[in-house]
Number of protein chains: 2
Amino acid sequence: MSAEGARRRDVTVADVAKAAQVSKAQAARALGNYGAVSDDVRERVQAAAEALSYRPNELARSMNTGKSHTIGVVVGDIENPHFGLATRGITDTAKKAGYNVILVNTDEDREAEVDAVRVLLDKRVDGLIVAPASSVDTGHLQEVHRSGRPMVFIDRTAGDMPVETMAVDMARISREATRYLLDAGHRRIAFISTLRTNAPYTPGMTLESSQIADRIEGMREAFLEYGLAFPEDLVRLNAGDEDSIRSITREVLRGPDRATAAVASDGLIALSVVEAIQELGLSIPADVSFLMYDDFAWTRLTTPPLTVIAQPVYNMGVAAAKALIRQMEGLPPAAPAQFTATLVRRGSVGPCPATTGKPGREQLAGKPA
Amino acid sequence: MSAEGARRRDVTVADVAKAAQVSKAQAARALGNYGAVSDDVRERVQAAAEALSYRPNELARSMNTGKSHTIGVVVGDIENPHFGLATRGITDTAKKAGYNVILVNTDEDREAEVDAVRVLLDKRVDGLIVAPASSVDTGHLQEVHRSGRPMVFIDRTAGDMPVETMAVDMARISREATRYLLDAGHRRIAFISTLRTNAPYTPGMTLESSQIADRIEGMREAFLEYGLAFPEDLVRLNAGDEDSIRSITREVLRGPDRATAAVASDGLIALSVVEAIQELGLSIPADVSFLMYDDFAWTRLTTPPLTVIAQPVYNMGVAAAKALIRQMEGLPPAAPAQFTATLVRRGSVGPCPATTGKPGREQLAGKPA
DNA sequence: GTGAAAGCGCTAACAG
DNA sequence: CTGTTAGCGCTTTCAC
């Protein structure tokens, strides 16, 4: 009987070396494909390795080389197809370059993110791609950056840290979308976001998310351009679960001064907003216009198809991975990529209806040429 | 000037030990929280660690202990919310138990899967959760199983391997859904799937995917129950990209003997099928009934809302992680979980229309009590 | 409790 | 080209 009963210990270079009758060093060289090895030795070693079905221990390898060929990815929520796609872009690119990906979910919670980064670093990932949960509270990220570990941000910025960032110009597209709504005659435009804050939105407040801050800023700018006051009261944050989204939507869409257009800050939220609108007995776009961020395929299937803001998420993932790999390989950064979101006009935005009590007329008068 | 210029080497236990004036062993014990350490030493070590901002090298730790506290997850496509949700269930559970997740995407390609498993094993993950791309070609998985490494399958089986598997009873729900369609008078029911095969579907053929095989089997059984012949010609595989899905849909929905109901095997495919139906000028459910697998939120938003087969994907992820962790910790397996999919009747299935040329009458005659 | 010393599996000098 | 000898950073005997 052979070594069957023994607790199956992994076979190591030493075992292979012995079997191939060469020194451990030579076996290692042949196996690891480095240094100089004669054809004869190489063949014997490979044969032995094959016979013993040897598999290198990457951990040991990493310990010596200092490289793990692994990149850590920290996102808020993989369940959201937005991140799903981005992650796909990252993993596709990483794999092509011989890197693996460790994925950590933070639920957009800063504490979890701090933790995630720490764990990843402890595991000695070669680099990090993170979608910062907060662009304000960035101590942990600054520390990483200071330590010199390669890092790239995706989807959002983290304060003004000098780290390569793959994100779209949110203020720009928000401005464009808002103009579109304004041109359609809307003045009461609601913006609904999941962003968690301690207090309801007030004009000057600091927002954790650069994305949301920029979107609101873009809206404000558009209103300003048109010489109109931005309806701050219609900016609604903390739209967490379905219930809160529904009640927020109802609130905003009721009363004589109701919103005539709603912008949902992501695809998940959009679902509940649209349902709430339908429950209210309002129809899109006759009674209320609707616009959402992210161009998911299903937005083409609703009646009417939804007007959306498309973001090149997959490409951002690809670019993030590429940039990180350049950093890890000590190459100079490529020219900063420019990602532009686009407004996809489908059927959910229509002309502003005369709101209850017909106060719509005078509002429309404010529209510039 | 302090050690600023030096290439910042990671601080190790040795450094901490020196600073705390204790032996390396004691420092390690205090830091790693094992063995016996006096309060005094522990405090000094912790203080020193803090001061030097020491972080353990998990690689080194893993090498010694043989545990990496990492589980490898191999799925076909994270971009698909189906897997996104499952992955979420896995990572949530893993994190709670102190495990990390390395995610690898296979694009449902067996070669890629073989590779993924190998890489993960080389990285010495403690266990594997995989959604087998093929339930036929399972050599690599059998090897893993034979090696004794903890492993759990999710979403589908791999042949008859004795490995814990978290999946729904597909044949059952498919039977139920088919009965529902049959009861509505449909006889020409098409089944459209992305599954890649070398040849078009023929009755006896071996299918790589246990899921798809079971679904077809379920349909066949339902037809049999009703004493009807199963329309094998309407089983369509290889619905890869949008174009092929569209042309398949058109094909199936045209002609005097066209299908009156279509079942889409996943949410991604569903989009194109529905669009193709609309392009054909047909309406759901008046002209053709529609049913799909996976209950994504957006299916409630279409007009009509879509009738779907809901699968407890998140829970399957949770269960898979839990089962794997039990295995890794040497505990006996819990009672095998039972996952049941449910048919969610919304508005996309209606009575069978009289098809072109009205040959529908005699078909309907075949319906049992 | 504590410390010295021996590994884990591999790579990396360094001499031949 | 090849073999010997050190480590990588940590855990783990094994004595004291």
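Below or above, wherever it landed, is the structure these notes cover. (Residues numbered from 1 in each chain as written. Chains lettered and ligands numbered in written order. Predicted model: local features only at pLDDT ≥ 70, side-chain atom pairs only at ≥ 80, totals over all residues. Heavy atoms only, no water.)

A word on the interface of chain B and chain A
Link 1 in the chain: Across the contact, 45 residues belong to chain B and 45 residues belong to chain A.
Link 2 in the chain: Together, the buried faces of chain B and chain A total about 4600 Å²; carbon and sulfur atoms form 55% of this surface.
Link 3 in the chain: The largest contributions to the chain B side of the interface with chain A come from Leu 59, Arg 88 and Leu 301 of chain B, which together make up 16% of the buried area.
Link 4 in the chain: Linking chain B with chain A are 12 salt bridges, by the criterion used here. (Contact = heavy atoms within 4.5 Å. Buried area = accessible area lost by both parts, 1.4 Å probe. Salt bridge = Lys/Arg side-chain N within 4 Å of Asp/Glu carboxyl O.)

Examining the sheet that holds strand E11 (residues 342-344) of chain A
All names here are of chain A.
Link 1 in the chain: Strand order in the open sheet formed by six strands is E7-E6-E8-E9-E10-E11, and the pairing between neighbours is mixed. Whereas interior strands pair on both sides, the edge strands pair on one side only; in this sheet they are strand E7 (235-236) and E11.
Link 2 in the chain: Of the strand pairs in this sheet, strand E8 (residues 261-264) and strand E9 (residues 289-293) are connected by four bridges, and their pairing is parallel. Paired with Val 263 across the bridge in E9 is Leu 291.
Link 3 in the chain: The sheet strands contacting helix H9 (residues 210-225) are strand E6 (189-192), E7 and E9, and the helix crosses E6 at an angle near 170°. (Pairing = 2+ DSSP bridges. Helix = DSSP H or I, 4+ residues; strand = E, 2+ residues; numbered from the N terminus. Axes fitted to C-alpha atoms, helices over the stretch in contact; angles between N-to-C directions.)

Remarks on the packing of helix H5 (residues 81-96) of chain B against helix H12 (residues 313-328) of chain B
Each pair of packed helices can be summarised by the angle the axes make with each other and by the distance between the axes.
Residues and elements named next belong to chain B.
Link 1 in the chain: Here H5 crosses H12 at 40°, and the two axes come no closer than 7 Å. Taken together, the axes of H5 and H12 are oblique relative to one another. Classified by chirality, the crossing of H12 by H5 is right-handed. Facing H5, whose interface residues are His 82, Leu 85, Ala 86, Arg 88, Gly 89, Ile 90, Asp 92, Thr 93 and Ala 94, H12 presents Val 313, Tyr 314, Gly 317, Val 318, Ala 321, Lys 322 and Ile 325.
Link 2 in the chain: Looking at side-chain class alone, the contact of H5 with H12 contains nine nonpolar, four polar and three charged residues. (Parallel < 35°, antiparallel > 145°, perpendicular 65-115°, else oblique. Left-handed = near helix turned anticlockwise from the far one by under 90°. Nonpolar A, V, L, I, M, F, W, Y, C, P; charged D, E, K, R; others polar.)

Structural notes on the pattern of salt bridges
Link 1 in the chain: Under the definition given, this model contains 55 salt bridges over all chains.
Link 2 in the chain: One salt bridge connects Glu 108 of chain A with Arg 156 of chain A, and the closest N-O pair in it is separated by 2.5 Å. With Glu 108 of chain A in the loop between strand E2 (100-105) and helix H6 (110-122) and Arg 156 of chain A in the loop between strand E4 (151-154) and strand E5 (165-166), this residue pair connects regions lying 48 residues apart in the sequence.
Link 3 in the chain: In this structure, the salt-bridge partner of Arg 188 of chain B is Asp 257 of chain B, at a minimum N-O distance of 3.6 Å. Of this pair, Arg 188 of chain B sits in the loop between helix H8 (170-183) and strand E6 (189-192) while Asp 257 of chain B sits in the loop between helix H10 (242-252) and strand E8 (261-264), and the two are 69 residues apart along the sequence.
Link 4 in the chain: Through salt bridges with shared partners, a single network forms among Glu 242, Arg 246, Arg 250, Glu 275 and Glu 279 of chain A together with Arg 300 of chain B.

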